[in-house]
Amino acid sequence: MQRRRGRSGIPNLGQLWPALLLATLLLAALAVRGEDTTRLDCDDRPTFLDPPWVDGDRFCAELIYQSPRNEALALASLAVAPDGTLFAASPLRGEVWAFGDSDDDRLPDRAQRLLSGLSQPTGMDWHDGALYILSRAGILRLPAGAPDARQVTADLPLQPGQAGGDLVVGADGTLYASLVAACSQCEPGDGPSILAISPDGSRQSVLARGLRRPAGLALRHGELWATDSMGRADAAQGDALDELNRIQAGAHYGWPWCSGTVRLPTLPAATGCEKFLAPALSLPTGSTPLGLAYYDHDALPDLRDSLLVTLHGSRHQIELRGYALAVIRLDAAGQPRAPEVIIPQQPGGSIFSVSKLNYLGAGFWPERPLDVAIGPEGQVYVSVTGGRILALRQAAR
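Calculation notes
- Residues numbered from 1 in each chain as written.
- Predicted model: local features only at pLDDT ≥ 70, side-chain atom pairs only at ≥ 80, totals over all residues.
- Heavy atoms only, no water.
- pLDDT = per-residue confidence, 0-100.
- Contact = heavy atoms within 4.5 Å.
- Helix = DSSP H or I, 4+ residues; strand = E, 2+ residues; numbered from the N terminus.
- Pairing = 2+ DSSP bridges.
- Axes fitted to C-alpha atoms, helices over the stretch in contact; angles between N-to-C directions.
- Phe/Tyr/Trp six-rings, centres within 6.5 Å; stacked < 30°, edge-to-face > 60°.
- Buried < 20%, exposed > 50% of the residue type's maximum accessible area, 1.4 Å probe, protein only.
- Core = buried A, V, L, I, M, F, W, Y, C linked by side-chain atoms within 4.5 Å.
- Patch = residues over 30% accessible without salt bridge, like charges linked within 9 Å, V, L, I, M, F, W, Y side chains within 5 Å.
- Areas by Shrake-Rupley, 256 points an atom, 1.4 Å probe, with all protein chains shown as cover.
- Salt bridge = Lys/Arg side-chain N within 4 Å of Asp/Glu carboxyl O.
- Disulfide = S-S within 2.5 Å.

**Some remarks on the confidence of the model for the protein chain**
When pLDDT is averaged across the protein chain, the result is 86; 87% of the residues are at 70 or more. A low-confidence stretch, residues 1–32 stays under pLDDT 50, and its non-local contacts, those more than four residues away or across chains, total 10 contacts.

**Side note on the environment of Gly189**
Topologically, Gly189 is positioned in the loop between strand E11 (175–180) and strand E12 (194–197). In this structure the C-alpha to C-alpha distance between Gly189 and Arg209, which are 20 residues apart in sequence, comes to 10.0 Å.

**Notes on the sheet that holds strand E5 (residues 110–115)**
Ordered in space as E2-E3-E4-E5, the four strands form an open sheet in which the pairing is antiparallel. Only two strands of the sheet have a single neighbouring strand rather than two, namely strand E2 (77–80) and E5. Neighbour-to-neighbour, the strand axes of the sheet open up by a mean angle of 25°, direction not taken into account. In this sheet, E5 lies alongside strand E4 (residues 95–100) in antiparallel orientation, the contact comprising five bridges. By the bridge assignment, Ala98 is partnered in E5 with Gln112.

**So, the sheet that holds strand E20 (residues 281–283)**
Reading across the sheet, the four strands line up as E14-E15-E16-E20 and stay open at both edges, with antiparallel pairing between neighbours. Here the strands that pair on one side only, and so sit at the sheet edges, are strand E14 (217–220) and E20. In this sheet, adjacent strand axes meet at a mean angle of 20° when their direction is disregarded. As paired elements, strand E15 (residues 223–228) and strand E16 (residues 242–246) share four bridges and run antiparallel to each other. Bridged to Trp225 within E16 is Arg246.

**Some thoughts on the packing of aromatic side chains**
Centre-to-centre distance and the angle between the planes together describe a pair of aromatic rings. Per the stated rule, a full pass over the model turns up four aromatic pairs. Arranged with centres 5.6 Å apart and planes meeting at 10°, the rings of Phe87 and Trp126 form a pair that is stacked. Within this pair, whereas Phe87 is found in strand E3 (residues 86–90), its partner Trp126 is found in strand E6 (residues 123–127), the two being separated by 39 residues in sequence. Neither Phe87 nor Trp126 differs from the other in exposure class; each is buried.

**Structural notes on the nonpolar core**
Membership of the largest hydrophobic core comes to 21 residues, with the highest contact counts inside it found for Leu303, Leu308, Leu325, Ile342, Val380 and Leu392. Listed by contribution, the elements that provide at least two residues to this core are strand E1 (59–66), strand E21 (289–295), strand E23 (324–329), strand E24 (340–343), strand E26 (380–384) and strand E27 (388–394). Residue contributions to this core peak at three residues, all from E26.

**Looking at a nonpolar patch on the surface**
Taken together, Ile351, Phe352 and Leu360 make up a surface patch of nonpolar side chains, about 310 Å² in accessible area. Its location among the elements puts Ile351 in the loop between E24 and helix H2 (354–359). Note on Ile351: relative accessible area 67%, which makes it exposed.

**Some words on the environment of Leu283**
Here Leu283 lies in strand E20. Separated by 55 residues in sequence, Leu283 and Asp228 place their C-alpha atoms 9.5 Å apart. Apart from the residues within four sequence positions on either side, Leu283 is in contact with Asp239, Ala240, Leu241, Asp242, Glu243, Pro289 and Pro339.

**Focus: the state of the cysteines**
What the rule picks out here adds up to two disulfides. Note on cysteine connectivity: Cys42 is disulfide-linked to Cys60, with sulfurs 1.6 Å apart. With the S-S bond torsion at -80°, the cross-link from Cys42 to Cys60 turns out left-handed. Residue Cys42 is located in the loop between helix H1 (13–32) and E1, and its partner Cys60 is located in strand E1; the two are separated by 18 residues in the primary sequence. Exposure remark for Cys60: the relative accessible area of 1% places this residue in the buried category. Each sulfur in the disulfide pair Cys258 and Cys273 lies 2.1 Å from the other. Because the torsion about its S-S bond is -80°, the bridge between Cys258 and Cys273 counts as left-handed. Of this pair, Cys258 sits in strand E18 (residues 258–259) while Cys273 sits in the loop between strand E19 (262–263) and E20, placing them 15 residues apart in sequence. By the burial criterion, Cys258 is buried, and Cys273 matches it.

Structure representation (structure tokens):
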């Protein structure tokens with residue numbers, strides 16, 4: 001067959017256009033490979049994500065992984081190693097996954113299953129060359145490069161139906177583990193909410209009691225912080241029953257009798273709420289704070305020395321609450337200020353509420369954020385129901 005040519009004898013460009021476009025895209029992909037993509041404008045990055053909306057003058061939101069398993073808790077708990085490896089736990093499947101950077105774009109993308117057959121892994125942290133994992137069966141330690149994890153401790157004081165919450169490791173190797181209550185109206189007895197465990201697992205002590213759902217832990221300047229939420233049963237009893245708590249050794253935080261100064265009617269109490277330690281910051285009931293991380297990096301200077309929290313949200317409110325990633329700044333005295341939502345956030349200053357942005361499809365909803373972790377280059381990772389992991393990085397430098 002004779003190829004059609006133009007007057008100059010050159011093949012017709014209309015016929016070649018698809019091939020030229022494909023070649024251009026391939027060259028662009030090769031140019032990005034190995035490049036620090038933070039030097040690109042947000043919408044020029046291959047992983048750019050919109051929605052959810054963010055303030056593009058401050059941040060870029062990027063999608064780095066989508067699990068083929070569209071499960072609510074496919075990738076729930078996050079942790080990051082100093083070399084940039086991202087870890088994610090699937091509590092329902094009992095798995096831990098590792099994500100490495102396969103294309104040198106400074107974001108993890110290659111998924112590898114590290115462990116399986118675990119009993120509800122819910123909290124993880126990296127310390128001194130090893131990944132520590134909190135599960136119903138106790139705490140495991142997986143050294144870098146090791147094929148199997150070993151048991152650090154197996155005697156966590158869990159009641160029937162109770163699960164682990166989060167895990168962080170202090171600079172001295174002390175393990176801090178939180179335990180989630182088995183139900184929202186049950187009598188906890190003398191059960192602990194947060195444990196302090198020696199590095200070898202041989203000793204444990206009760207650090208705090210009286211938290212219903214301490215799902216997120218973070219250390220800031222050696223001080224331990226924990227989230228807590230009251231749950232659906234108490235949602236009608238007050239408008240600010242979810243909490244951020246500064247943990248003090250030996251303190252009781254009131255659940256199931258009190259939340260701050262608010263008496264909960266679920267169980268009778270013989271003492272007043274003043275006996276218990278009040279939360280450092282009260283949050284709207286139903287915002288459901290879960291993941292917590294301390295940000296101490298120059299990559300996103302607007303977040304420096306602050307706490308990041310995922311507000312998982314609740315479907316049991318007339319107004320859609322939560323469904324957000326928020327920053328909580330602390331004043332000179334270390335007191336937390338009201339949270340500022342950074343996902344979703346309308347560019348140029350929002351004229352809509354967070355709920356409205358979510359309803360407009362410019363946020364997480366109908367999916368819900370789960371956990372947050374900080375990478376060694378200052379990137380913020382957020383796990384989302386449905387098996388997604390997002391990265392929040394700086395706008396073009």
